[in-house]
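Given next are the chains, with one letter for each unit.
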Amino acid sequence: MVKWIKLTVINDNKPNSSLLNDWGWSILIETDKWVLLYDADTEPRIMENNIKALGIDLNRIDAAFLSHYHADHYGGFKYISEIRRGLIVYVPDVDDVLRRWGLNPVTVRDSKEVLEDAVTTGVMSGMGVYEHSLIIKLSGYGSVVVVGCSHPGIDNIVKRSHELLGDVYLIIGGFHGPSRQQLDVVAKYSRYVCPAHCSGDEARHYVSVAYRDKYCDVKTGTVIILPMS
Ligand SMILES: [Fe+2]
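Residues numbered from 1 in each chain as written. Predicted model: local features only at pLDDT ≥ 70, side-chain atom pairs only at ≥ 80, totals over all residues. Heavy atoms only, no water.

**What to know about the UniProt feature "domain: Metallo-beta-lactamase" (unreviewed entry) in the protein chain**
Link 1 in the chain: Annotation from UniProt places "domain: Metallo-beta-lactamase" (unreviewed entry) at residues 25-118.
Link 2 in the chain: As annotated, residues 25-118 comprises 27% helix and 27% strand, and the C-alpha atoms at either end are separated by 20 Å. (UniProt positions renumbered as here; feature names shortened; annotations may be inferred. Helix = DSSP H or I, 4+ residues; strand = E, 2+ residues; numbered from the N terminus.)

Structural data, given as structure tokens:
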């Protein structure tokens, strides 16, 4: 199992004055075993600016992951393709856009390991969107779940993750304007809850008040090192 995980938010809806920002989501996941780019925001120029400003070396990336085919998650892969032609991207559906840009999309259906101790939930559907999420086994702490926009429901994703790999240590990403009941389910299953991207201010506020000891604040440029100290 991986011993540590470093999450670097390349872009989130929430701005950071030292970086560029727009509506979108992209997060770099580094571990002691591999480096993976999860989603790639909307704008290639924002990805390029923030990747350079954050000192990220794209040549270190082993693979990429696309949660779902919406432009605020795949748009910036155009920039990635200029630096890393042929990079494998695990995708939940068939679409030609990444291949046209010179990347190597690999379509997944069911849950499977994509890198050592990193498993896709398998494709889940909701609101007419095919989407998958990533679960990483963190040694001694449970699993870390990274989501894109949670069209299948953030409560359903956390339950699926729990079924697949047991206790959830942290969940981060877009929760898609969830209800309080959905957030209660997430908080029940996960030690830390990090609503980002399309979660909305109301969801962030609710978690920060109702589950203060679980909440973590995410914005563009946020770095989280796990396990939490
Ligand atoms: Fe989104």
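So much for the structure itself; the text now carries on.
**Things to note about the side chain of Ser81**
Link 1 in the chain: Looking at the element boundaries, Ser81 is found in helix α3 (residues 77-83).
Link 2 in the chain: Within the structure, the side chain of Ser81 is placed 3.1 Å from the backbone oxygen of Trp101, a separation counted as a polar contact.
Link 3 in the chain: The contacts of Ser81, once residues within four sequence positions are left out, are Trp101 and Leu103. (Polar contact = N/O pair within 3.5 Å; in protein donor to acceptor, adjacent residues only side chain to side chain. Contact = heavy atoms within 4.5 Å.)

**Focus on the pattern of salt bridges**
Link 1 in the chain: Applying the stated criterion across every chain, the model contains seven salt bridges.
Link 2 in the chain: The partner of Arg204 in a salt bridge is Asp12, with the nearest N and O atoms 3.1 Å apart. One end of the pair, Arg204, is in helix α7 (residues 201-210); the other, Asp12, is in the loop between β1 (5-11) and β2 (26-31), and 192 residues separate them in sequence. Exposure class is identical for Arg204 and Asp12. Each is buried.
Link 3 in the chain: Here Asp117 ties to Lys33 by a salt bridge, and the two come within 3.2 Å at their closest N and O atoms. Here Asp117, found in the loop between β7 (113-115) and β8 (118-120), pairs with Lys33, found in the loop between β2 and β3 (35-38); they are 84 residues apart in sequence, far enough to count as distant.
Link 4 in the chain: Given the relative accessible area of 8%, Asp117 is considered buried.
Link 5 in the chain: In this structure Lys33 comes out as partly exposed when scored by relative accessible area, which is 32%.
Link 6 in the chain: Overlapping salt bridges bring together Lys33, Glu116, Asp117 and Lys137 as one network. (Salt bridge = Lys/Arg side-chain N within 4 Å of Asp/Glu carboxyl O. Buried < 20%, exposed > 50% of the residue type's maximum accessible area, 1.4 Å probe, protein only.)

**Points about the coordination of the iron ion**
Link 1 in the chain: For the iron ion, the full set of protein donor atoms is Asp72 (OD), His73 (NE2), Cys149 (SG) and His197 (NE2), and the range of their distances to it is 2.1 to 2.3 Å.
Link 2 in the chain: Around the iron ion sit four donor atoms, and with donor-metal-donor angles ranging over 87 to 163° the site reads as irregular.
Link 3 in the chain: Classification of His197 as buried rests on a relative accessible area of 3%. (Donors = N, O, S within 2.8 Å, 3.2 Å for Na, K, Ca; no water. Tetrahedral: all angles 85-135°; square planar, octahedral: opposite > 155°, others 65-115°.)

**Describing the sheet that holds β8**
Link 1 in the chain: Taken in spatial order, the six strands of this open sheet run β7-β8-β11-β12-β13-β14, and their pairing is mixed. Only two strands of the sheet have a single partner each, and these edge strands are β7 and β14 (190-196). With strand direction ignored, the average angle separating the axes of adjacent strands in the sheet is 20°.
Link 2 in the chain: Pairing geometry for strand β12 (residues 142-147) and strand β13 (residues 168-174), over five bridges, is parallel. Across the sheet, Ser143 pairs through a bridge with Val168, a residue of β13. (Pairing = 2+ DSSP bridges. Axes fitted to C-alpha atoms, helices over the stretch in contact; angles between N-to-C directions.)

**Observations regarding the environment of Ser143**
Link 1 in the chain: Along the polypeptide, Ser143 turns up in strand β12.
Link 2 in the chain: Taking the C-alpha atoms as reference, Ser143 lies 9.4 Å from Ala118; in sequence the two are 25 residues apart.
Link 3 in the chain: When residues no more than four places from it in sequence are discounted, the contact partners of Ser143 are Ile135, Ile136, Leu138, Leu165, Gly166, Asp167, Val168, Tyr169 and Leu170.

**Examining the environment of Val158**
Link 1 in the chain: Residue position: Val158 is located in helix α5 (residues 154-165).
Link 2 in the chain: Once the C-alpha coordinates of Val158 and Val119 are considered, the two residues, 39 residues apart in sequence, prove to be 14 Å apart.
Link 3 in the chain: The contacts of Val158, once residues within four sequence positions are left out, are Val168, Ile171, Val185, Val186 and Tyr189.

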